[in-house]
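# Fold and contact review
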Amino acid sequence: MPGIEKLPIEETLEDSPQTRSLLGVFEEDTAAISNYCTQLYQAMQRIYDAQNELSAATHLTSRLLKEYDKQRFPLGGDDEVMSSTLQQFAKVIDELSSCHAVLSTQLADAMMFPITQFKERDLKEIKRLTSLFLSADHDTAINRYSRLSKKRDNDKVRAEVVEDVYTSRKKQHQTMMHYFCSLNTLQYKKKTALLEPLLGYMQAQISFFKLGSENLTQQWEDFLGTIGTSVQNVRREMEEEVGQMQQTIQQMERSCDPLYVPCDPDPAYSPVCRSLTRKQGYLHIRNKTGLVSSSWERQYFFTQGGNLMHQARGEVAGGLVTDLDNCSVMAVDCDDRRFCFQVTSFDGKKVVTLQAESRKDCEEWVSTINNISKRIYLSENAEELAARVNQSALEAVTPSPSFQQRHESMRPRRTGRASSISSVGSEPSPALSVLSLDALVAPETPIQFDIISPVSEENSGQSKTAAQCGRSNPFGESGDSTSEDSEDSILHQLFIVQFLGSMEVKTPESADVISETMRQILAARAIHNIFRMTESHLLVTCGCLKLIDPQTQVTRLRFPLSSVVHCSSHQDNKRLFGFVLQSSGGRGDSRAVCYIFESNNDGEKICDSIGLAKQIALHSEMDRKAVEKRKEQDKAKEKQQEELSKQRQIEKDLEEQSRLIAASSRPANQPASDGQFLVLSNSQSEDSDAGEEGKKKGESELLP
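Predicted model only: the values in this text are computed from it and were never measured.

About the thresholds
Residues numbered from 1 in each chain as written. Predicted model: local features only at pLDDT ≥ 70, side-chain atom pairs only at ≥ 80, totals over all residues. Heavy atoms only, no water. Helix = DSSP H or I, 4+ residues; strand = E, 2+ residues; numbered from the N terminus. Phe/Tyr/Trp six-rings, centres within 6.5 Å; stacked < 30°, edge-to-face > 60°. Buried < 20%, exposed > 50% of the residue type's maximum accessible area, 1.4 Å probe, protein only. Lys NZ or Arg CZ within 6 Å of the ring centre and 35° of its normal. Pairing = 2+ DSSP bridges. Axes fitted to C-alpha atoms, helices over the stretch in contact; angles between N-to-C directions. Contact = heavy atoms within 4.5 Å. Salt bridge = Lys/Arg side-chain N within 4 Å of Asp/Glu carboxyl O. Parallel < 35°, antiparallel > 145°, perpendicular 65-115°, else oblique. Left-handed = near helix turned anticlockwise from the far one by under 90°. Expected span 1.5 Å × (residues − 1). Bend = angle between axes of the 7 residues up to and from the residue.

On to unusual backbone geometry. Despite not being glycine, F339 has its phi angle at roughly 55°, a positive value. Structurally, the position occupied by F339 is in the loop between β5 (328-332) and β6 (340-344).

Next comes the structure, spelled out in structure tokens:
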């Protein structure tokens, strides 16, 4: 290679100052090369370590992405799209990890090995030769040889000194030659030692990028583009969500400013909502600490279904306070607290006293618990039904300005399914659109909340007869049993119902009479805080409807199926149903009573069952009438056959009588002894023929 300086090996024995000066330049160059090579080695070692760390890191990343499905995140860890995307990334990163591992191996072989060999072998060899070259053995031997005396010439000493000079000079000469050779070689090796690692590094990188281009095909580029678009969409959605949350925060900061004060807000700004079926918030509950003393504790309360729950801070789940079904709630005055209300269970055994922060909150809690106690939360549109019940309660105690407005406010929004079992259709008549719903019920009619049998002269007469016969029942069941009860019925269905109330109505055939009766009975129950209901078993047969006591199995009430004129369920709450009973009095007058019930099952099923029973009874009556008509026809045919047989008998008797008369009118001619009869005259034969023709004509006239 041109331009490379060399030390003259031929001048090593002479060891002139010029050679020494040139040697010093080579030594300085060697020191610079050694220093630079050490720094380059450290830099390449960092590259190699970083590559090993990158390979290990990519492998760890791939393994963690593969284990994403095994993680259990409390929030949204079951995202299939995210899981499949991460699995695709794990596949790509796993391939990249393999490429990085190959790159690490190539860097170790092609980059680190040459520079390590140069540093550990060539530079150390020069250092070793330098230490040998700097040895002072030759100078010591020359000085000893130069101090030999002429006067005291000793052959032995001179021979030892000469031998010593010979040995040291030879050693120094050989060392200088090898040293010069190493320094000259270093000028070449310093170029190869610097270029080979760089060449290996670049070749390894090129190979790495080739592997990457083979693995990262156009498919992966499309995949990365799709993921990039998804990430941008998520980022855009996040920014929109953050903007909406910021707006919500600003709106809530403006709107909630009056709510920070724990007193009652402005009724016009925040009215009391009485149609809630769910509510939650902090309340104070009174706990008894002794016979007289008590303490108040602030807890978080919420309604869940028909239960009142509480939950303290730090607890994961709430605990049951009391059952709200059929409970009673009312505001109470406490000596030490304001805005208190009391919840009493349906059996009266548990009483809970709670305190709200304001009067509005107290009234809303009372209204919510009152709505839950009526089981309004079980309907489809609970809040709408609760608002309607509360509006009905207000209208029941507050006169409306006009009947038309009240009718329009209480008319159902959609046409409910009504099962009518009379000849009148289920659609309301057009005349009802101009009449008030108050015209459907009798004015000033008392509402019966307990089961009371309909009063009629017929029932009273039957009870008197039963009392006279000594068949009275101490449980209130009628003593007589009709033929319909004794015979086997085709239909026999039993339902669990709860009696809500009954009242007299005016127009039993109207389709709206049952809904109006439901409205007034529910409003009366809400006003008077009547929540307890009588549970019974409703037995539907082809002859009658029976209300049976579930404990004593005694028939409390019996409705003949023929007197049930109308039956339908509530349009919103299908658990409510009712029917109208038409009963006739002893003096010819009749009255209609509407009975309202609540069922555990669907009220439509009960109405369908009653309609089916009515149809079966109607078909049975038609079959009975057909059988009776057939029997009458058979009896008529039998009577006609008897008359015909009697007529034929009369004809036979007349014929026999005519024969006898004819026989008595002719002379007594006895037959001859030889068995021959006498021949009649022509006049006698004609008379007999005329008699026979008359008889046949009479028979043809008698036949029908």
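That was the structure; now back to the text.
Moving on: the packing of aromatic side chains. Two numbers describe a pair of aromatic rings. These are the distance of the centres and the angle of the planes. Counted by the stated rule, this structure contains 10 aromatic pairs. Seen from their ring centres, Y282 and Y300 are 5.2 Å apart, and the 75° between their planes marks the pair as edge-to-face. Of this pair, Y282 sits in strand β1 (residues 280-288) while Y300 sits in strand β2 (residues 294-304), and the two are 18 residues apart along the sequence. What makes Y300 partly exposed here is its relative accessible area of 28%. Three or more aromatic residues joined by ring pairs form one cluster here, namely F499, F559, F577, F579, Y595 and F597. The aromatic ring of Y282 is capped on one face by R298, whose charged end is 4.2 Å from the ring centroid.

Our focus in this paragraph is the sheet that holds strand β12 (residues 564-569). On the basis of which strands lie adjacent, the open sheet formed by 7 strands has the order β11-β10-β9-β8-β14-β13-β12 and antiparallel pairing. Taken across any chain shown, the strands that pair with only one partner, and hence form the sheet edges, are β11 (555-560) and β12. Pairwise comparison of adjacent strand axes, ignoring direction, gives a mean angle of 30° for this sheet. Across the sheet, helix α11 (residues 513-528) lies against β8 (492-505), β12, β13 (576-584) and β14 (590-599), angled at about 80° from β8, the strand it touches most. Sheet strands in contact with helix α12 (residues 603-665) are β8, β9 (534-541), β10 (544-548), β12, β13 and β14, and its direction is about 155° off that of β12.

A separate point is the pattern of salt bridges. By the definition in use, this model includes 18 salt bridges. Among the salt bridges present, the one from K279 reaches E364, with a minimum N-O distance of 3.1 Å. Of this pair, K279 sits in the loop between α5 (218-255) and β1 while E364 sits in helix α6 (residues 359-373), and the two are 85 residues apart along the sequence. Here E364 falls in the buried class, since its relative accessible area comes to 7%. Put simply, K279, K360, D361 and E364 are held in one network by salt bridges that share partners.

What follows deals with the packing of helix α1 (residues 17-66) against helix α4 (residues 155-215). One way to put it is that α1 packs onto α4 with a least axis distance of 10 Å and a crossing angle of 30°. The angle between the axes of α1 and α4 places the two elements in the roughly parallel class. As for the relative orientation of α1 and α4, their crossing is left-handed in sense. Here α1 contributes T19, R20, L23, F26, E27, D29, T30, I33, Y36, L40, M44 and I47 to the contact with α4, which in turn contributes Q172, Y179, F180, L183, N184, L186, Q187, K190, L194, P197, L198 and Y201.

Let us now look at α4. Over its 61 residues, α4 extends 86 Å from the first C-alpha to the last, a length consistent with the 90 Å expected when each residue adds 1.5 Å. At Y188, α4 shows its strongest bend, of approximately 35°.

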